[in-house]
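Here is how the chains run, residue by residue.
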Amino acid sequence: SHLLLVTVFLVAMVVTMVLVSASIWLFDFNDNYMAKPINLWTNEDVIQWMDGLGESVKKDCIDIFEKEKINGLHLSSLVDKSLIQLGVVSEYTRESLLLSINELKQREYAQPRNFMEFKAANREDVVLVTLTYKIFPRLTFLYLYMMHYFDMFLPIIQSQLQIHPDINNDIKIESPEEMTDIEEDEEEEQKNSLLENFNLLVEPSTKQLMAIGIEILLVPHLVVAAFVISHLQPYPLIYSMSLIHCISATFKEVKALRNKLRNGGGRGGNAILSIFKTSRNSLIGYLILWLLGSTIFYILPSFLLDMIFYFLLVQNCVQVFYSYVLKGCINRFIQFLVALNIRLARGV
């Protein structure tokens, strides 16, 4: 029976992983332009980039750019007069588009504006962080703070900054979408989009950073859950699987803390501190895992990295399903069979 359960577990996990990875690999092509400089963009690349610039740009420009076959070279040479000649009537749309084009020309490559774009441009780092976070969540946050502060740590903690407001905190804009001379309703829409855009970041003050650091130390999975809720809802599979992991991991830590408090007796303070203390073995294990992952993941093709990423997500979901649903159903079914066998034996 145990062999059967293990077989079902592995088959379900592998099949689900393959289906999810294959669907993303086959149908998610909108990130290819990020790997190329703007001068090499085709018309399709330009349209894919413009699709994330806002409703006004999509409404007023995409059809025109498709019809005129505007590629990367044409895009980099556009000015206000040429946009008017192309038929872009709205002044706000032209200003917004030109700001985005100027920012793009300065960086040469498109910057990720959401999680999927970031994952496409940084597959190795995303897989490595996902793997280490499942085993060493607090050490992973420390690594992100030290090595990926702007591109990964800040996006994750944006939701927490709403919980810890700081009136003296200035908004740090990483995208050219911010404008100073726009109508009131457009300005309000821009403000509301600040924390929804993956590339518009508020940098925390020292006081906020300390408060968030304490939250990461106490409940790291809830910090990640807040990021998942605010940024990953457009991607239902990743959203649901990530939330399941955060909730189940939090319950496991609470259960472990309760057991330590019960077993510790009067030494409750030491039991609580032991939950958050990073031992030497854990630190060594994290370093070994990070070194292996950073060596292996950077030589794997993109499709295998996607497979690993979704495997890590699906594995936890299947484990939760087995522990809290399937295992209970199987135990009840076995109890039913045993009771039925006893009744039949008595009847004989």
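The rules behind these values
Residues numbered from 1 in each chain as written. Predicted model: local features only at pLDDT ≥ 70, side-chain atom pairs only at ≥ 80, totals over all residues. Heavy atoms only, no water. Patch = residues over 30% accessible without salt bridge, like charges linked within 9 Å, V, L, I, M, F, W, Y side chains within 5 Å. Areas by Shrake-Rupley, 256 points an atom, 1.4 Å probe, with all protein chains shown as cover. Salt bridge = Lys/Arg side-chain N within 4 Å of Asp/Glu carboxyl O. Helix = DSSP H or I, 4+ residues; strand = E, 2+ residues; numbered from the N terminus. Buried < 20%, exposed > 50% of the residue type's maximum accessible area, 1.4 Å probe, protein only. 1 Å grid on protein atoms, 1.4 Å probe; cavity = no way out; pocket = protein on both sides within 12 Å on 5 of 7 lines; lining within 4 Å. Points joined across faces, edges and corners; volume = space filled by probe spheres on them. Nonpolar A, V, L, I, M, F, W, Y, C, P; charged D, E, K, R; others polar. Phe/Tyr/Trp six-rings, centres within 6.5 Å; stacked < 30°, edge-to-face > 60°. Expected span 1.5 Å × (residues − 1). pLDDT = per-residue confidence, 0-100. Contact = heavy atoms within 4.5 Å.

A closer look at a nonpolar patch on the surface
Now for step 1: Taken together, the side chains of I214, L217, L218, V219 and L222 present a nonpolar region at the surface, about 410 Å² in accessible area.
Now for step 2: Broken down by element, the residue count for the nonpolar patch peaks at three residues, all from helix α12 (residues 206-218).
Now for step 3: On the basis of relative accessible area, L222 is assigned to the partly exposed category, the value being 45%.

A word on empty space enclosed by the protein
Now for step 1: In total, this model carries one cavity of 30 Å³ or more according to the counting rule given.
Now for step 2: By volume, the largest cavity is sized at about 440 Å³.
Now for step 3: Surrounding the largest cavity, 27 residues form its lining, F115, V129, T130, V224 and F227 being those nearest its centre.
Now for step 4: Split by residue class, the lining of the largest cavity holds 20 nonpolar, five polar and two charged.

A closer look at the packing of aromatic side chains
Aromatic ring pairs: the centre-centre distance and the angle between the two ring planes describe each pair.
Now for step 1: Following the criterion strictly, the structure yields eight aromatic pairs and no others.
Now for step 2: Between the aromatic rings of Y149 and F150, the centroid separation amounts to 5.0 Å while the plane-to-plane angle is 90 degrees, which identifies the pairing as edge-to-face.
Now for step 3: Look at Y149 and you get buried, because its relative accessible area is 16%.
Now for step 4: Summarising the aromatic geometry, the rings of F309 and Y310 are spaced 5.0 Å apart at their centres and angled 80 degrees between planes, so their arrangement reads as edge-to-face. This pair shows no difference in class: F309 is buried, exactly as Y310 is.
Now for step 5: Site record: aromatic cluster; members linked through ring pairs are Y145, Y149, F150 and F153.

Here's the deal with helix α13 (residues 220-231)
Now for step 1: For α13, built from twelve residues, the straight-helix expectation of 16 Å at 1.5 Å per residue is met to within 8% by its first-to-last C-alpha distance of 17 Å.
Now for step 2: Of the residues making up α13, those classed as buried are P220, H221, V223, V224, A225, F227, V228 and H231.

Here we look at the confidence of the model for the protein
Now for step 1: Taken as a whole, the protein shows an average pLDDT of 76; of its residues, 75% reach a score of 70 or greater.
Now for step 2: Counting contacts from residues 167-196, a segment whose pLDDT is below 50, to residues more than four positions away or on other chains yields 52 contacts.

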